[in-house]
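Remarks on the overall topology
What follows is the residue order along each chain.
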Amino acid sequence: MSDLNYVRVEWDGELAIVTIDRPEKLNALNAEVISELGRVFDDLRGDDAVRGVILTGAGEKAFVAGADIGELATMGSLDGVRVSREGQAVFAAIEAFPRPVVAAVGGYALGGGCELALACHLRIASDNARFGLPEVGLGIIPGYGGTIRLARLVGLGRAIEMTLTGDAVRADRAEAMGLVSAVVPRADLMTEAKALARRITKNGPVAVRLALESIYRAVDTSTAEALGFESSLFGLLSSTDDMKEGMTAFLEKRAAEFRGT
Ligand code: COA
């Protein structure tokens with residue numbers, strides 16, 4: 001995709017590195033960034049060479065410092081609904097991405113930036129990272145899924161505290177509350193994010209995809225229905241080449257070579 005202004009895609013082997021590249025505005029999400037992000041993830045979804053995605057922000061200060069306040073300031077109420085829904089659709093597509101998406105958070109993840117990180121499957125943070133939902137201080141609420149996904153991840157109490165105070169939490173507290181998987185020095189962030197992704201991509205790709213499906217389905221359904229869905233996926237996996245390869249490799253005491261079929 002050559003016509004992107006604010007999102008860059010690079011490759012590291014089987015990993016696509018997606019960078020929001022608007023550092024002069026701390027990678028704030030204007031309409032164009034949201035639209036480009038949507039197009040990039042659509043494109044990557046159809047590319048079988050992608051085994052995982054790292055999503056990050058350009059520059060040393062921010063992952064994403066939120067939705068673009070300059071744009072939000074000019075909204076009418078119908079614009080507000082549209083802006084929220086468009087962002088939610090892109091973030092939902094990231095959450096539903098069939099390969100693992102790791103957010104590498106190297107600084108501020110505020111407002112829409114925090115919500116974007118929450119829509120990723122995993123988050124790894126540098127020691128200078130800050131997570132927060134400061135929207136109420138601007139007279140709005142999080143509109144890209146923050147009022148839903150934060151509570152699911154860290155529990156109601158902490159989500160309510162963060163959302164109502166607008167206070168940002170430091171990386172070490174984010175780790176303690178389960179918001180991020182690990183905190184690493186800023187210089188090591190991308191290396192560690194790739195290493196985390198590769199702990200996943202070495203596994204059976206179909207199994208990883210269906211595990212994500214089962215986990216997210218369970219969030220929205222009853223336990224009984226979720227268990228039924230899990231069993232169906234478990235059964236489906238029993239017919240894959242990857243399942244045969246994974247088990248044969250174990251029995252033959254060698255590393256599995258998964259083909260994703
Ligand atoms: N929307 C639009 N522009 C933003 C932005 C946002 N969410 N966050 C930062 N920027 C812009 C600033 O306006 C500034 O632009 P300028 O140089 O043209 O004036 C530039 O990015 C650098 O930000 P600055 O505020 O100078 O950096 P800082 O280090 O002093 O402060 C923050 C960093 C993150 C604390 C501060 O930028 C901030 O509070 N941003 C808004 C966070 C927010 O409320 N997000 C939720 C939005 S719903």
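Of all the positions in helix H11 (residues 241-251), only Asp242, Glu245 and Ala249 are classed as buried. Within H11, the buried residues cover an arc of 65 degrees as seen down the axis, which keeps them to one side. Turned more than 90 degrees away from the buried face of H11 sit Met247, Phe250 and Leu251, all of them exposed. Structurally, H11 contributes buried residues whose contacts are with helix H9 (205-220). Downstream of H11 by a residue or two, lysine 253 has a phi angle that is positive, lying close to 55 degrees.

Scanning the entire structure with this criterion turns up two aromatic pairs. Relative to phenylalanine 97, the ring of phenylalanine 41 has its centre 5.5 Å away and its plane inclined at 90 degrees; by these criteria the two rings are edge-to-face. Of this pair, phenylalanine 41 sits in helix H1 (residues 31-45) while phenylalanine 97 sits in the loop between helix H3 (77-95) and strand S5 (101-105), placing them 56 residues apart in sequence. For the pair formed by phenylalanine 41 and phenylalanine 97, the shared burial category is buried.

Looking now at the site of the ligand. Not every one of the 16 residues close to the ligand is listed here, only the nearest: Lys25, Lys61, Ala65, Ala67 and Ile69. In this structure, lysine 25 approaches the ligand through a side-chain N or O atom, which is 2.6 Å from an oxygen atom. Here alanine 67 contributes a backbone N or O atom positioned 2.9 Å from a nitrogen atom of the ligand. Isolated, the ligand exposes 860 Å² of accessible area, and the fraction of that covered by the protein chains is 59%. Residue assignment for the shell around the ligand shows that the elements contributing at least two residues are helix H2 (69-72) and strand S6 (108-110). Looking at the shell around the ligand residue by residue, the classes come out as 10 nonpolar, one polar and five charged.

On to the packing of H9 against helix H10 (residues 223-237). Running from N to C, H9 and H10 cross one another at 170 degrees; their axes reach a closest spacing of 9 Å. With respect to each other, H9 and H10 are oriented roughly antiparallel. Two secondary-structure elements touch here, H9 through Val206, Ala207, Leu210, Glu213, Ser214, Arg217 and Ala218 and H10 through Glu225, Ala226, Phe229, Glu230, Leu233, Leu236 and Leu237.

Formed by 50 residues in total, the largest nonpolar core has its most connected members in Leu55 and Phe131. For this core, the element with the highest residue contribution is H1, accounting for six residues.

A word on the side chain of glutamate 115. Relative to the assigned elements, glutamate 115 resides in helix H4 (residues 112-119). In this structure glutamate 115 is buried but unpaired, with arginine 149 as the nearest side chain of opposite charge at 6.9 Å. Separated by 3.4 Å, the side chain of glutamate 115 and the backbone nitrogen of glycine 143 make a polar contact. Contacts of glutamate 115, omitting those with residues within four sequence positions, involve Phe91, Leu133, Glu135, Pro142, Gly143, Tyr144, Gly145 and Gly146.

The next point concerns the domain arrangement of the protein chain. Each domain of the protein chain was delimited in the assignment, giving domain 1 (7-201) and domain 2 (205-251). Computed over C-alpha atoms only, the centres of domain 1 and domain 2 are separated by 27 Å. Buried area between domain 1 and domain 2, summed over both chains or domains, comes out near 640 Å², and the portion from carbon and sulfur atoms is 67%. At the boundary of domain 1 and domain 2, one finds one salt bridge.

About the thresholds
- Residues numbered from 1 in each chain as written.
- Predicted model: local features only at pLDDT ≥ 70, side-chain atom pairs only at ≥ 80, totals over all residues.
- Heavy atoms only, no water.
- Buried < 20%, exposed > 50% of the residue type's maximum accessible area, 1.4 Å probe, protein only.
- Helix = DSSP H or I, 4+ residues; strand = E, 2+ residues; numbered from the N terminus.
- Arc of directions from axis to C-beta.
- Contact = heavy atoms within 4.5 Å.
- Phe/Tyr/Trp six-rings, centres within 6.5 Å; stacked < 30°, edge-to-face > 60°.
- Near = heavy atom within 4 Å.
- Polar contact = N/O pair within 3.5 Å; in protein donor to acceptor, adjacent residues only side chain to side chain.
- Areas by Shrake-Rupley, 256 points an atom, 1.4 Å probe, with all protein chains shown as cover.
- Nonpolar A, V, L, I, M, F, W, Y, C, P; charged D, E, K, R; others polar.
- Axes fitted to C-alpha atoms, helices over the stretch in contact; angles between N-to-C directions.
- Parallel < 35°, antiparallel > 145°, perpendicular 65-115°, else oblique.
- Core = buried A, V, L, I, M, F, W, Y, C linked by side-chain atoms within 4.5 Å.
- Lys, Arg positive; Asp, Glu negative; His and termini not counted.
- Salt bridge = Lys/Arg side-chain N within 4 Å of Asp/Glu carboxyl O.
- Domains from an automatic or database assignment.
- Buried area = accessible area lost by both parts, 1.4 Å probe.

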